[in-house]
Amino acid sequence: SGAAGATGSVAGQLARIAGARVIGIAGGQHKCEWLLSELGFDAAIDYKSEDVAARLAALCPAGLNVFFDNVGGEILDIALANLADRARVVLCGGISRYDSRGPIAGPANYFNLIYRRARMEGFIVLDYQARFPEATAALAGYLASGQLRHRETVLQGFAQLPQALMNLFAGGNMGKQLVAVDILHN
């Protein structure tokens, strides 16, 4: 989920490099086309115009083996309902809940973790700080060889910070959302 964002696009490509069949979930046909044509994903689901549950069931009739979640909410619930036996669910983000007001419901399909004997675990990159040099070298190699690609959405000027934040919540960026600011020297 969140496959056209900074984290999701890299996670999906790393899975592809490792030999996995990769299906990305993103908002909008333009983002899905980018996942397929430039990043090499095997399939893409546009959650804004497609029935995500039906597409996941069609694309993964035996269930999901690994689900890397950046979104939470309804998308996570759909993934939990479509797990394969011994599946792994990686929780990396939850953008669907970041601007929610009131109580936040947990996933309704959590019992499928028991039924499928699956695991769900949070992932924080800082837990792997000791391996940063190894990761940096591997990522640099993938970038240099063209196996790993990235995209940035850049807004110009400090005044664009609020718009950049709104882009994240509205899906207005592809890849990493950045704001370029001039540095003043005194």
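Here goes a summary of the coordinates provided. Computed from a predicted model, the values in this text were never measured in an experiment.

Topic: the overall build of the protein chain
Alright, step 1. Looking only at helices and strands, one finds seven helices and seven strands in the protein chain.
Alright, step 2. Across the protein chain, helices and strands are ordered from the amino to the carboxyl terminus as α-β-α-β-α-β-α-β-α-β-α-β-α-β.
Alright, step 3. Expected size for 186 residues packed as a compact globule is a radius of gyration near 16 Å; at 17 Å, the protein chain falls within 12% of this value.
Alright, step 4. With the principal axes as the frame, the protein chain shows a C-alpha extent of 65 × 45 × 35 Å.
Alright, step 5. Of the contacts formed within the protein chain by residues at least 6 apart in sequence, a portion of 51% connects residues at least 24 apart.
Alright, step 6. Total accessible area on the protein chain stands at roughly 11400 Å², and carbon and sulfur atoms take up 57% of it.

What about the environment of I17?
Alright, step 1. Following the sequence through the fold, I17 ends up in helix α1 (residues 6-17).
Alright, step 2. By relative accessible area, I17 is classed as partly exposed at 21%.
Alright, step 3. Linking I17 and Y142, residues 125 residues apart in sequence, is a C-alpha distance of 8.8 Å.
Alright, step 4. Apart from residues no more than four positions distant in its own chain, I17 is found in contact with Y142 and Q147.

Reading guide: rules and limits
- Sequence order as written defines residue numbering, which begins from 1 separately in each chain.
- pLDDT decides what is reported in this predicted model: residues at 70 or higher carry local features, side-chain atom pairs at 80 or more are listed and counted, and totals for whole chains, interfaces and linings draw on all residues regardless.
- Working from all heavy atoms in the structure, the side-chain values ignore hydrogens and water.
- Numbering goes from the N terminus for both helices and strands, where a helix is a DSSP run of H or I of at least four residues and a strand is a run of E of at least two.
- Within these notes, the globule rule equals 2.2 Å times the number of residues to the 0.38 power, and the radius of gyration is based on C-alpha atoms.
- Contacts: residue pairs with any heavy atoms within 4.5 Å of one another.
- Using a 1.4 Å probe, the Shrake-Rupley method yields the accessible areas, and only the shown protein chains count as cover for residues.
- Buried, partly exposed and exposed residues are distinguished by accessible area as a fraction of the type maximum, computed with a 1.4 Å probe on protein chains only: under 20%, between the cut-offs, and over 50%, respectively.

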